[in-house]
2 protein chains.
Amino acid sequence: MDEIWKKNRYLEIGASHPEAARIRRLLGDGSAEDAGLCVLDGYWALEKAANAGMKVLSFVFCPELLTSEEAGRLFKKYTELTGNVYSVSKKTFARLTERDDLVGMTACAEFPRWTGEDLSGAKLLAVLDGLETPGNIGTVLRTCDGAGVDGVLVVNRKAKIRSQKVIKASMGAAFTVPMIEFSSVGECRDWLSARGFSVYLADTRAERDYDTEPYRFPAALVAGSERYGISRDWYDGSENMIKIPMRGISDSLNVGVAASIFLYEMSQRLHAEL
Amino acid sequence: MDEIWKKNRYLEIGASHPEAARIRRLLGDGSAEDAGLCVLDGYWALEKAANAGMKVLSFVFCPELLTSEEAGRLFKKYTELTGNVYSVSKKTFARLTERDDLVGMTACAEFPRWTGEDLSGAKLLAVLDGLETPGNIGTVLRTCDGAGVDGVLVVNRKAKIRSQKVIKASMGAAFTVPMIEFSSVGECRDWLSARGFSVYLADTRAERDYDTEPYRFPAALVAGSERYGISRDWYDGSENMIKIPMRGISDSLNVGVAASIFLYEMSQRLHAEL
């Protein structure tokens, strides 16, 4: 292949260089100073982030590992996204990825910064209250992308909502589905109320089924934590509680699955109205 | 508490005793000779297995760890399920569990052995073709339990369908939802055809949407592997392909989520007919 990186000189760095250290830190639990940053670990992540127009802060590659035509093409594409390009040895690269297959390219990027304005005109939102498992948060994001849910509101945050595990489970939807955190349930309820949202609580004690509910849009679906469900502050006696019928030995579904079933039903209903 | 185990003498064993060794083996990837066996790792698993009437081969407990009234009650219940009761030290118990919290009780049990007869009269089945991730298999089982799906047929098996990971993700549904493996797609299709099943293939290329399809029961929903989808042997030109509309950047949902959305839609439709 045309070894494109030989045409330019790129600084070769080791694992202790600040940029490499930042990537290693982000692959773990991250740190406060890295809030809003992530690693694009794998071709699919690089591709989704590039398509989403995310700001790439640095690009790190390992010449030894880039041996295909495809790699050369992608190298050219991704190096155009940033001026900070570094070269590393294979041994160092192995410390900058969580993948078993060493794909030879990685990057540090900035998450989009969403505000309430990104949700103006929203017709359907998901609210995650106290979810603890990154995989479940990522799964809901992936479903929101698929169903065309306009965004995700987060309250009582128990897990990092932008961790590598969330990104992976979301298959990149974490880069494109607006996600906004609220400091309290009250603040979130007020925000929804001011914008005319009907709020639906996913609650296994509900009497009404999800598939016969006459949803009113704009609508928000609240899903609660894996262990404790939805927090009490959502209930005031006038709430819309809806459930998925349970016909077996368990009293609940996986929260990512349950939220997905609710959100697709609501989305199909909304799109039938439009 | 009433230290109930002091009333009887139980053999104290170490980690190398054949029973302890079998439990340790089953917690890993298991082995051929253990086919059909599993570990009940945690109170919830012991409880679900007891309720499901599973055959318990041995029960192992750690006296030091059983300090609550609740533990005494459960000890009595589970020791009634088998004559093979062993006592272990805390150090040994830690090697017989994958849990961080040492609950002090575990057991080795036999999965129910399902046959085609367990599915006589079935109206709704799931078919898993080549699924690779134990968590996805377990999630589908949990949803089948919730939705009242009568059973799961497995073809092109790529993962152990009765591993500890499957059991955990299924929240015990792996003990109660009949699961039958077929050696080929042809054999599975013939089985379904002989019983009058309409077969629906979950395929992102389908033209028909899952929520407007006029399902005919008995019905089977085929979900394909995470990477390759449904294998070609299912397609003969006359197949029913259905899809979940995708409105975002991804071309698919998590397979456990997608199967759950299809199966709940079908189940709700079936129960509306009944």
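Here the residue numbering is sequential within each chain, running from 1 through the sequence in written order. The lettering of chains begins at A and the numbering of ligands begins at 1, in the order of writing. A pLDDT threshold of at least 70 governs which residues receive local features in this predicted model, and a stricter bar of 80 or more applies before side-chain atom pairs are shown or counted, although totals over entire chains, interfaces and linings include all residues. No hydrogens and no water enter the side-chain calculation; it runs on all heavy atoms of the structure.

**Q** Please provide a residue-by-residue account of the overall build of chain A, values included.
**A** Along chain A, the regular secondary structure elements total eight helices and 12 strands. Summing over all exposed atoms, chain A offers an accessible surface of approximately 12300 Å²; the carbon and sulfur share of this is 46%. Numbering goes from the N terminus for both helices and strands, where a helix is a DSSP run of H or I of at least four residues and a strand is a run of E of at least two. All accessibility values rest on the Shrake-Rupley procedure with a 1.4 Å probe; residue burial counts only the protein chains present in the view.

**Q** Can you lay out the relation of the copies chain A and chain B for me, pointing to particular residues and giving the numbers?
**A** A least-squares fit on C-alpha atoms brings the copies together, and the residues used are those whose pLDDT is at least 70 in both copies. Mapping chain A onto chain B is achieved by rotating through 180° and translating by 0.0 Å along the same axis, at an RMSD of 0.0 Å. Interpreted geometrically, this transformation is the action of a two-fold axis. Residues are treated as being in contact if the distance between any of their heavy atoms lies within 4.5 Å. Interface residue correspondence from chain A to chain B reaches 100%, placing this contact among same-surface, isologous pairings.

**Q** Tell me about unusual backbone geometry, residues and numbers included.
**A** What you tend to see is this: most non-glycine residues have negative phi, and most peptide bonds are trans. Of note, the bond from F217 of chain A into P218 of chain A is cis; its omega dihedral lies within 30 degrees of zero at 0°. With respect to the helices and strands, the residue P218 of chain A is situated in the loop between β10 (208–209) and β11 (219–224). Although it is not a glycine, N156 of chain B sits at a positive phi angle of roughly 50°. Topologically, N156 of chain B is positioned in the loop between β7 (151–155) and α6 (164–170).

**Q** I'd like a description of the environment of E12 of chain B, backed by residues and values.
**A** All names here are of chain B. As for its placement among the helices and strands, E12 is situated in strand β1 (residues 11–12). Between buried and exposed lies partly exposed: a residue is buried under 20% and exposed over 50% of the maximum accessible area for its type, with that area taken using a 1.4 Å probe on protein chains only. For E12, a relative accessible area of 55% puts it in the exposed group. When the C-alpha atoms of E12 and V60 are compared, they prove to be 9.4 Å apart, with 48 residues separating the residues in sequence. When sequence neighbours within four positions are dropped, the list of residues in contact with E12 reads S87, V88 and S89.

**Q** So, the sheet that holds strand β12 (residues 240–243) of chain A: which residues are in play, and what are the values?
**A** Residue and element names in this part refer to chain A. Paired strands are those between which DSSP finds at least two bridges. Taken in spatial order, the seven strands make up an open sheet running β8-β7-β6-β11-β9-β12-β10, and their pairing is parallel. For this open sheet the edge positions go to β8 (179–181) and β10, each flanked by a neighbour on one side alone. The sheet contact formed by strand β9 (residues 198–202) and β12 spans three bridges and is parallel. Following the sheet pairing, L201 is matched in β12 by M241.

**Q** Explain the environment of I249 of chain B to me, using residue names and the numbers behind them.
**A** Within the fold, I249 of chain B resides in the loop between β12 (240–243) and α8 (255–273). In the structure, I249 of chain B is positioned 123 residues away from A126 of chain B in sequence and 28 Å away in space, judged by C-alpha atoms.

**Q** Describe in detail helix α3 (residues 69–79) of chain B, supporting the description with residues and values.
**A** Restricting attention to buried positions, one finds in α3 of chain B the residues A71, G72, L74, F75, Y78 and T79 of chain B. Structurally, α3 of chain B contributes buried residues whose contacts are with α2 (43–51), β3 (55–61), β4 (85–87) and β5 (105–110) of chain B.

**Q** Hey, could you go over the interface of chain A and chain B for me, with residue numbers and the actual values?
**A** Tallying the contact residues gives 33 residues for chain A and 33 residues for chain B. Here, a salt bridge means any side-chain nitrogen of Lys or Arg that lies within 4 Å of a carboxyl oxygen of Asp or Glu. Put simply, chain A and chain B have zero salt bridges between them. In protein, a polar contact requires one atom able to donate a hydrogen and another able to accept it; more generally it is a pair of N or O atoms within 3.5 Å, and residues adjacent in sequence count only if both atoms are side-chain atoms. Here chain A is connected to chain B by 26 residue pairs in polar contact (both at pLDDT 80 or more). Broken down by secondary-structure element, the contributors of at least two residues to the side of chain A that touches chain B are α5 (134–147) and α8 (255–273) of chain A. A total of eight residues in the side of chain A that touches chain B trace back to one element, the largest contributor, which is α8 of chain A. The residue classification treats Ala, Val, Leu, Ile, Met, Phe, Trp, Tyr, Cys and Pro as nonpolar and Asp, Glu, Lys and Arg as charged. All others, Gly included, are polar. Residues of the side of chain A that touches chain B, tallied by class, amount to 12 nonpolar, 14 polar and seven charged.

**Q** I'd like a description of the sheet that holds strand β10 (residues 208–209) of chain B, backed by residues and values.
**A** As a general point, the strands of a sheet are linked pairwise by backbone hydrogen bonds and lie either parallel or antiparallel. Residue and element names in this part refer to chain B. Read across the sheet, seven strands follow the order β8-β7-β6-β11-β9-β12-β10 without closing on themselves; strand pairing throughout is parallel. In this open sheet, the two strands that pair with only one neighbour each are β8 (179–181) and β10. Across the face of the sheet, helix α5 (residues 134–147) comes into contact with β6 (124–129), β7 and β8 while running at roughly 180° to β6. Each axis is a line fitted through C-alpha atoms, taken for helices only over the stretch in contact, and angles between the N-to-C directions span 0 to 180 degrees.

**Q** I'd like a rundown of α5 of chain A, residues and numbers included.
**A** Here the expected span of a helix is defined as 1.5 Å times the quantity of residues minus one. With 14 residues, α5 of chain A should reach 20 Å at 1.5 Å per residue; the first-to-last C-alpha distance of 20 Å fits that figure. Along α5 of chain A, the residues classified as buried are N136, I137, G138, T139, V140, L141, R142, T143, C144, D145, G146 and A147 of chain A. Buried positions along α5 of chain A lie against β6 (124–129), β7 (151–155), α6 (164–170), β8 and α8 of chain A together with α8 of chain B. Two residues or fewer past α5 of chain A, G148 of chain A is found with a positive phi of approximately 75°.

**Q** Can you lay out the pattern of salt bridges for me, pointing to particular residues and giving the numbers?
**A** Residue and element names in this part refer to chain B. Across all of its chains, the model carries 26 salt bridges over all chains by this definition. Between R73 and E70 there is a salt bridge whose closest N-O contact spans 3.3 Å. Linking R73 with E70, this pair stays in helix α3, spanning three residues, or about one helical turn. A relative accessible area of 40% places E70 in the partly exposed class. Between R269 and E265 there is a salt bridge, and its shortest N-O distance comes to 3.0 Å. Separated by four residues within a single helix, R269 and E265 lie in helix α8, roughly one turn from each other. Of the residues examined, R269 reaches a relative accessible area of 24% and is grouped as partly exposed. With a relative accessible area of 11%, E265 lands in the buried category.

**Q** Help me get a handle on the packing of helix α2 (residues 43–51) of chain A against helix α3 (residues 69–79) of chain A, residues and values and all.
**A** Residues and elements named next belong to chain A. Contact geometry for α2 and α3: axes closest at 11 Å, N-to-C directions at 40°. Accordingly, the angle class assigned to the pair α2 and α3 is oblique. Once α2 is placed against α3, the crossing between them reads as left-handed. Here α2 contributes Y43, L46, E47, A50 and N51 to the contact with α3, which in turn contributes A71, L74, K77 and Y78. Split into classes, the residues belonging to the contact of α2 with α3 amount to six nonpolar, one polar and two charged. Our angle categories are set so that under 35 degrees counts as roughly parallel, over 145 as roughly antiparallel, 65 to 115 as roughly perpendicular, and the remainder as oblique. With the far helix as reference, a near helix turned anticlockwise by less than a right angle produces a left-handed crossing, and one turned clockwise produces a right-handed crossing.

Shape descriptors only; they carry no functional weight alone.
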